[in-house]
Amino acid sequence: MDFRKLEIQYKNELLSNVVPFWENHSKDEELGGYFTCLDREGKVFDTDKFIWLQGREVWMFSTLFNKVEQKQQWLDMALHGAKFLQKHGHDGNLNWYFSLKRDGKPLVQPYNIFSDCFATMAFGQLYKATGNEEYGQIAKNTFENILKRSDNPKGEYNKLVPGTRPLKGFSLPMILCNLSLEIEHLLPEQLVDETIKKVLHEVMEVFYQPDSGLILENVKPDGSFSDSFEGRLLNPGHAIEAMWFIMDLSVRLQRPELAEKAVEIVLRTLEYGWDEDFDGIFYFLDVKGNPPQQLEWDQKLWWVHIETLISLIKGYALTKNEKCLTWFEKVHDYTWSHFADRVHGEWFGYLNRRGEVLLLLKGGKWKGCFHVPRGLYQVWKTLETLK
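Residues numbered from 1 in each chain as written. Predicted model: local features only at pLDDT ≥ 70, side-chain atom pairs only at ≥ 80, totals over all residues. Heavy atoms only, no water.

Moving on, we get to the overall build of the chain. Helix and strand counts for the chain stand at twelve helices and 13 strands. A globule of 387 residues ought to have a C-alpha radius of gyration of about 21 Å, and the chain, at 20 Å, matches this closely. In the chain, which comprises 387 residues, the share counted as buried stands at 57%. Pairs at least 24 residues apart make up 66% of the contacts formed inside the chain by residues separated by at least 6 positions. (Helix = DSSP H or I, 4+ residues; strand = E, 2+ residues; numbered from the N terminus. Rg over C-alpha atoms; globule rule 2.2 N^0.38 Å. Buried < 20%, exposed > 50% of the residue type's maximum accessible area, 1.4 Å probe, protein only. Contact = heavy atoms within 4.5 Å.)

On to the sheet that holds strand β3 (residues 49-50), then. A sheet is described by the order of its strands in space; here three strands give the open sequence β3-β4-β5, paired in antiparallel fashion. Looking at the sheet topology across the chains shown, the edges are occupied by β3 and β5 (106-108). For β3 and strand β4 (residues 99-100), the ladder comprises two bridges, and the chain directions are antiparallel. Note that in β4 the partner of K49 across the bridge is L100. (Pairing = 2+ DSSP bridges.)

Moving on, we get to the pattern of salt bridges. Considering all chains together, one arrives at 29 salt bridges under this definition. Residues E202 and K168 are paired through a salt bridge, measuring 3.2 Å at the closest nitrogen-oxygen approach. Remark: K168 occurs in strand β6 (residues 168-169) and E202 occurs in helix α7 (residues 189-207); sequence separation between them is 34 residues. Within this structure, D28, E30, K49 and R102 form a network of salt bridges that share partners. (Salt bridge = Lys/Arg side-chain N within 4 Å of Asp/Glu carboxyl O.)

What follows concerns helix α12 (residues 371-384). Side chains that are three or four residues apart share a direction in an α-helix, a result of its 3.6 residues per turn. Between the first and last C-alpha of α12 there are 20 Å, a value that for 14 residues agrees with the 20 Å anticipated at 1.5 Å per step. Within α12, twelve of the 14 residues are buried, which leaves the element mostly enclosed by the surrounding structure. Those residues of α12 lying buried are H371, V372, P373, R374, G375, L376, Y377, Q378, V379, W380, T382 and L383. Buried residues in α12 make contact with α1 (3-25), α2 (51-67), α6 (171-182), α8 (236-253), α10 (302-319) and α11 (322-338). (Expected span 1.5 Å × (residues − 1).)

A word on the nonpolar core. Nonpolar side chains in soluble globular proteins tend to be buried together. Y10, M243 and I246 are the most contacted members of the largest nonpolar core, which totals 127 residues. Not counting chain neighbours up to four residues away, the residues in contact with Y10 comprise L309, F328, H332, W336, L376, V379, W380 and L383. (Core = buried A, V, L, I, M, F, W, Y, C linked by side-chain atoms within 4.5 Å.)

On to the packing of aromatic side chains, then. If you walk through the whole model with that rule in mind, you get 25 aromatic pairs. Where Y10 meets W336, the ring centres are 5.2 Å apart and the plane angle is 80°; that geometry is what we call edge-to-face. With Y10 in helix α1 and W336 in helix α11, the pair connects residues that are 326 residues apart, well separated along the chain. Accessibility classification places Y10 together with W336 in one group, the buried group. (Phe/Tyr/Trp six-rings, centres within 6.5 Å; stacked < 30°, edge-to-face > 60°.)

Here it is in structure tokens:
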């Protein structure tokens, strides 16, 4: 495998194609923040603003400024989104709304803790770029709120009947693996260590099932299996994405055995989640092989594939497991031939099972300036270490 050639490919795609697409099309010059509902050519087809996507874009441009090049235009882009978020994104107590109208009026209550997670990431990274203490305080206070809410993330907005089938989800401990490192520079060392210890246990011992070698999306509060739609649910992309967070923690903690275990889980998940008939990675599966309740279960999604590429190349860099390279080549070929748009830039997000583009959008309610540029950056930088 020509690592140098691949490195150039990922770097050029990021800096010459994907980042300019968002710079050119997403900025709301009139009312602030970003448009994320962009069609194939980058035209705005809806003006609602989704807080987790606003936060992700602030984070992305702050990260480019901090880690790639200190371009003023990137910092200005991040500050543009941060100003809108500060003014409109939360209820006054740093409980972050899910969505807003274009002018910043709230549409959906702050039920979704991932709005808070990405606001934390955004302001933590922007603090690094600017040294502005206000940004650092927003990140710290929001992170503290997340930890307080972690046992009942939706709080008063939880629609489930309490006590009937209590479950806890994988998504929050998964993201805290990454978030704890993202804002480590703002937190007391003890809090970082405690958070890392807790989420490592959750991800690698509670949600991970040794019998199958797979990670479940939901388990009972005591960690046991729930034989229900939610309890049988597998999200291969989530499990694989979480494993590169674990690999980063293995480096931070100087625990190479963690990276080895993470690679094992990635490879097992790919074996289970790969579509042998049409290629690509399934969106949802049932751990017992039953029909999933999600009708979109067999779609192929952009973020699942780009996150898989990150985990595979990091896995190879850390363990030199040749299976990672074999799978990387396979997933790379599928991803670049199906998702990248060579005509209008950026990447498609949604394919049907056969690999045909389902929606021509480049951004919407769920897709923004995040997984593609972050993935390209992560793969590029990891490939640099393999020269």
